[in-house]
Amino acid sequence: MSLLDFITRMLGKDVDPPSKTVAKERLRLVLVHDRVNVSPKLLQALKEDLIRVISDYMEIDESALEVSLSSESDSVALVANIPVLKMKRTFRA
Amino acid sequence: MGEVIVITSGKGGVGKTTTTANIGTALAVLGHKVALVDTDIGLRNLDVVLGLENRIVYDIVDVTSGHCRLKQALIKDKRFEGLFLLPAAQTKEKTAVNPQQMIALCQDLKKEFDYCIIDCPAGIEQGFKNAIAGAEKAVVVTTPEVSAVRDADRIIGLLEAAELREPKLVVNRIRPEMVKKGDMMDIDDMIDILAVDLLGVVPEDETIVVSTNRGEPAVLDSESKAGAAYRNIARRIAGEDVPLMNLDGEEGLMERLKRFFGFRRG
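Residues numbered from 1 in each chain as written. Chains lettered and ligands numbered in written order. Predicted model: local features only at pLDDT ≥ 70, side-chain atom pairs only at ≥ 80, totals over all residues.

1. Description of the overall build of chain B
Summing up its helical and strand segments, chain B has twelve helices and eight strands in all. In terms of overall dimensions, chain B is globule-like: its C-alpha atoms have a radius of gyration of 18 Å, near the 18 Å expected for 266 residues. Along the longest, intermediate and shortest principal axes, the C-alpha atoms of chain B span 55 × 40 × 35 Å. Residues classed as buried in chain B amount to 50% of the 266 residues present. Relative to all contacts within chain B whose residues are 6 or more apart in sequence, the contacts with residues 24 or more apart total 74%. (Helix = DSSP H or I, 4+ residues; strand = E, 2+ residues; numbered from the N terminus. Rg over C-alpha atoms; globule rule 2.2 N^0.38 Å. Buried ≥ 20, exposed ≤ 12 C-beta atoms within 10 Å, placed from the backbone. Contact = placed C-beta atoms within 7 Å.)

Right, here's the structure in full:
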């Protein structure tokens, strides 16, 4: 830690995170995408599981179902677009 | 029957060839019979790192294509009992060898040697596929940089897809003083990201440059820190429990060792 960093910290001001923290965070995000690309099978399997679960509660348009990962600057989200055709009045618990 | 281990990384320049040369030499010094195989066709380098460049007559393509027998192509390192090199071809294409030929070659080498260590080319194309085809175990070399760690992650995925489960990680060129300042990822960061077991940590060390200049692997230099780290890695490959070396008083290394190698003390 440099003297300047030390003084800033003593004064209670925000210090930039160490560069290794930045590196780790950037890697974490980029690897989420890399790993999905390595296995498109994973997204396909997830899609099929989603269809199975949701079909217990509502009728969905399976052909129009879209699942993807979207990344913001500091997070990654699983985004599913699932058109609903009909709600079921009853459901099997 | 011996063991076939591929040394890979994805990214170039992280130290695959240096790691192969040093692990192989250290295993030979420990008394094992070792064959080092350079699969980087067109860009061969393991021969110069080992100081054997003047003794090449035949190469890997001569063997796989049947132009010579395996024994004719294997160069015996006169300095150590039991160390042999099968050099890559320098003037051919990667496609001069195919994965089936590599599997057959590794089968033959396993009969003669305790360890067959394969130096993999950078990249994920044909050369990589050839190098891993006959391997039973994989060592992934990385450095503490985002580019190298990212490529290592991709390689680990491809190794697992090719049924080479549980690759082991070597973190090369770590600089303890930068880690201390928070300007370099530490071992725990990389283990956390890559989710693989650690085989060893090699510090950045100028003696590597000197040893490569001379064609004498650093494991032979008792003063070299990197050499000591590679000797430890070789002993771990041979099944010994060896603690991680203390890199400038970095704390927690012993704890990590216990976790990864089941090492217990008192």
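Once the structure has been displayed, the description carries forward.
2. Thoughts on the confidence of the model for chain B
In this model, chain B carries a mean pLDDT of 93, and residues with pLDDT of at least 70 account for 93%. Both scores are given for the predicted complex: the pTM is 0.83, the ipTM 0.78. (pLDDT = per-residue confidence, 0-100.)

3. Some details on the nonpolar core
By size, the foremost hydrophobic cluster in this structure holds 84 residues, and its most contacted members are Val34(B), Cys116(B), Ile118(B) and Tyr230(B). When residues no more than four places from it in sequence are discounted, the contact partners of Val34(B) are Gly24(B), Leu27(B), Ala28(B), Gly82(B), Leu83(B), Phe84(B), Phe113(B), Asp114(B), Tyr115(B) and Ile117(B). (Core = buried A, V, L, I, M, F, W, Y, C linked by C-beta atoms within 7 Å.)

4. Examining the interface of chain A and chain B
The interface is formed by 13 residues belonging to chain A together with twelve residues belonging to chain B. Here the residues of the side of chain A that touches chain B sort into six nonpolar, one polar and six charged. (Nonpolar A, V, L, I, M, F, W, Y, C, P; charged D, E, K, R; others polar.)

5. Regarding the packing of helix 1 (residues 16-29) of chain B against helix 11 (residues 225-237) of chain B
Helix packing for two helices is described by the angle between their axes and how far apart those axes are. Residue and element names in this part refer to chain B. Packing of helix 1 against helix 11 leaves a shortest axis separation of 8 Å and a crossing angle of 65 degrees. Relative to helix 11, helix 1 is oriented so that their crossing is right-handed. Facing Asn 22, Ile 23, Ala 26 and Leu 27 of helix 1, the residues of helix 11 in contact are Gly 227, Tyr 230, Arg 231, Ile 233, Ala 234 and Ile 237. (Axes fitted to C-alpha atoms, helices over the stretch in contact; angles between N-to-C directions. Left-handed = near helix turned anticlockwise from the far one by under 90°.)

6. Here's the deal with the environment of Asp40(B)
Mapped onto the secondary structure, Asp40(B) falls in the loop between strand 2 (34-38) and helix 2 (46-50). Discounting chain neighbours no more than four positions away, the residues touching Asp40(B) are Asn45(B), Ala88(B), Asp119(B), Pro121(B) and Gly127(B).

7. Considerations on unusual backbone geometry
Residues and elements named next belong to chain B. Look at Glu 163: it is not a glycine, yet its phi comes out positive at around 70 degrees. Here Glu 163 lies in the loop between helix 7 (146-161) and strand 7 (168-174). A count of 8 C-beta atoms within 10 Å places Glu 163 in the exposed class. At Ala 195, a position not held by glycine, the phi torsion is positive, near 50 degrees.

8. Digging into the pairing of strand 5 (residues 115-119) of chain B
Residues and elements named next belong to chain B. Counting buried positions over the five residues of strand 5 gives five, a clear majority of the element. Of the two faces of strand 5, the one lined by Tyr 115, Ile 117 and Asp 119 and the one lined by Cys 116 and Ile 118 are each fully buried. With five bridges joining them, strand 1 (residues 3-8) and strand 5 adopt parallel strand pairing. When the sheet's bridge partners are listed, Val 6 is paired in strand 5 with Ile 118. (Pairing = 2+ DSSP bridges.)

9. Points about the domain arrangement of chain A
Assigned domains within chain A: domain 1 (1-38) and domain 2 (40-93). In the side of domain 1 of chain A that touches domain 2 of chain A, the residues fall into three nonpolar, one polar and no charged. (Domains from an automatic or database assignment.)

10. Quick word on the sheet that holds strand 6 (residues 137-142) of chain B
Residue and element names in this part refer to chain B. Reading across the sheet, the eight strands line up as 3-4-2-5-1-6-7-8 and stay open at both edges, with mixed pairing between neighbours. Edge positions in the open sheet fall to strand 3 (75-76) and strand 8 (197-203), since each of these has one partner strand only. The strands touched by helix 1 within the sheet are strand 1, strand 2, strand 4 (83-86), strand 5, strand 6 and strand 7, with strand 5 carrying the most contacts at an inclination of about 165 degrees. Its contacts with the sheet place helix 6 (residues 126-133) against strand 1, strand 5 and strand 6, and it is angled at close to 155 degrees to strand 1.

11. Remarks on helix 9 (residues 187-194) of chain B
A turn of α-helix holds 3.6 residues, and therefore any two residues three or four places apart point the same way. All names here are of chain B. Along helix 9, the residues that are buried comprise Ile 187, Met 190, Ile 193 and Leu 194. The buried side chains of helix 9 occupy one side of the element, clustering within an arc of 135 degrees when seen end-on. Ala 195 sits one or two residues past helix 9 and shows a positive phi near 50 degrees. (Arc of directions from axis to C-beta.)

12. What to know about the confidence of the model for chain A
On average, residues of chain A score 81 in pLDDT, and 77% of them reach the 70 mark or higher. The lowest-confidence element of chain A is helix 1 (residues 3-10) of chain A, averaging 66 in pLDDT; the highest-confidence one is strand 1 (residues 58-60) of chain A, averaging 92.

13. Some details on the packing of helix 7 of chain B against helix 9 of chain B
Residues and elements named next belong to chain B. Where helix 7 contacts helix 9, the two axes come as close as 10 Å, and the packing angle between them is 35 degrees. Considering the relative orientation of helix 7 and helix 9, their crossing is right-handed. When helix 7 is examined against helix 9, the residues Val 149, Ala 152, Asp 153 and Ile 156 are found in contact with a partner set consisting of Met 190, Ile 193 and Leu 194.

14. Section: the pairing of strand 2 of chain B
Residues and elements named next belong to chain B. Among the five residues in strand 2, five count as buried, and that is most of the element. One ladder, built from four bridges, connects strand 2 with strand 4; its direction is parallel. From the neighbouring strand, Leu 36 faces strand 4, where its bridge partner is Leu 85. For strand 2 and strand 5, the ladder comprises five bridges, and the chain directions are parallel. By the bridge assignment for strand 5, Leu 36 is matched with Ile 117.

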